[in-house]
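# Reading the structure
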Amino acid sequence: DAPSSAPLPAVPAGGSETIGPAARPAVPAATPTPLERAEAAERSDDLPAAAALYARELADQPRRLATVLWDLQTRALDGGRAAEAATILAGLEELFHDHPDLELRGDGAVVARWDVVNTLAWLKATAAEADAASVADARRLAGEAVVLAGADRSKRAQALDTLAAAAAAAGAWE
């Protein structure tokens, strides 16, 4: 066998030879974008943190933000985490308050402000450890849900059920 005519790798000053990936300079990890941080929080199942991050990142896109927040609160409720759902719904209620004509449409369903207000009122009224401020907020929201239901009999019946639950939580039920 004839010796190879390829040059030998240079040996760094100091003597030890480094070949392969270790010889490459370290590339700093890219800093995640705010949206990537929100998605990471969602993947790690920290839904309130994800909601807060999405709210900051998607503030200029109310319809998209409302859809994301509705999906997060649904996931929290499906997981039996009513307190987390209520936290997310409170942010969603503010969004609907700021954008009263906002509606979400998908899968044959329409989510409007009434849905958000009534669901939040119900969660606050039926929370196991609701404090006086939460119960008062539940009563206010339930009253608003009744008004928002208007002439829709089905929504009005649900809103009245929520109002009754809020009254019972406040001890104002006989």
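Rules used throughout
Residues numbered from 1 in each chain as written. Predicted model: local features only at pLDDT ≥ 70, side-chain atom pairs only at ≥ 80, totals over all residues. Heavy atoms only, no water. Helix = DSSP H or I, 4+ residues; strand = E, 2+ residues; numbered from the N terminus. Buried < 20%, exposed > 50% of the residue type's maximum accessible area, 1.4 Å probe, protein only. Axes fitted to C-alpha atoms, helices over the stretch in contact; angles between N-to-C directions. Parallel < 35°, antiparallel > 145°, perpendicular 65-115°, else oblique. Left-handed = near helix turned anticlockwise from the far one by under 90°. Contact = heavy atoms within 4.5 Å. Nonpolar A, V, L, I, M, F, W, Y, C, P; charged D, E, K, R; others polar. Core = buried A, V, L, I, M, F, W, Y, C linked by side-chain atoms within 4.5 Å. Salt bridge = Lys/Arg side-chain N within 4 Å of Asp/Glu carboxyl O.

## Concerning the environment of Asp98
Among the structural elements, Asp98 can be located in helix α4 (residues 82-98). Looking at Asp98, the relative accessible area reads 57%, which means it is exposed. Along the chain, Asp98 and Pro62 lie 36 residues apart, while their C-alpha atoms are 9.4 Å from each other.

## Things to note about the packing of helix α5 (residues 113-126) against helix α6 (residues 132-149)
The geometry of α5 relative to α6 is characterised by a closest axis approach of 8 Å and an angle of 150 degrees between their N-to-C directions. Between α5 and α6, the interaxial angle falls into the category roughly antiparallel. Where α5 crosses over α6, the handedness of that crossing is left-handed. Between α5 and α6, the contacting residues are Arg113, Trp114, Val117, Asn118, Leu120, Ala121, Lys124 and Ala125 on the first element and Ser134, Asp137, Ala138, Leu141, Ala142, Glu144, Ala145, Leu148 and Ala149 on the second. Taken together, the residues that form the contact of α5 with α6 break down as 11 nonpolar, 2 polar and 4 charged.

## Brief notes about unusual backbone geometry
For Asp45, which is not a glycine, the phi torsion comes out positive at approximately 70 degrees. Structurally, Asp45 is set in the loop between α1 (34-43) and α2 (47-57). In this structure Asp45 comes out as partly exposed when scored by relative accessible area, which is 33%.

## Side note on the nonpolar core
Membership of the largest hydrophobic core comes to 41 residues, with the highest contact counts inside it found for Tyr54, Leu72 and Leu92. Taken together, the elements giving at least two residues each to this core come down to α1, α2, α3 (62-78), α4, α5, α6 and α7 (153-169). Those residues within four positions of Leu92 in sequence are excluded, and the remaining contacts are Ala66, Leu69, Trp70 and Val116.

## Some thoughts on the pattern of salt bridges
Note on pairing: side chains with opposite charge can pair once their charged atoms come close. All chains considered together, the criterion is met by 9 salt bridges. A salt bridge links Arg140 to Glu144; the shortest N-O distance between them is 3.5 Å. With a gap of 4 residues between them, Arg140 and Glu144 both fall in helix α6, about one helical turn apart. On the accessibility criterion, Arg140 (45% relative accessible area) is partly exposed. Here the residues in one salt-bridge network are Glu93, Arg113, Lys124, Asp137, Arg140 and Glu144, joined through shared partners.

## Some points on the environment of Ala76
One can find Ala76 in helix α3. Beyond its immediate chain neighbours, meaning those up to four positions away, Ala76 contacts Leu47, Arg81, Glu84 and Ala85.

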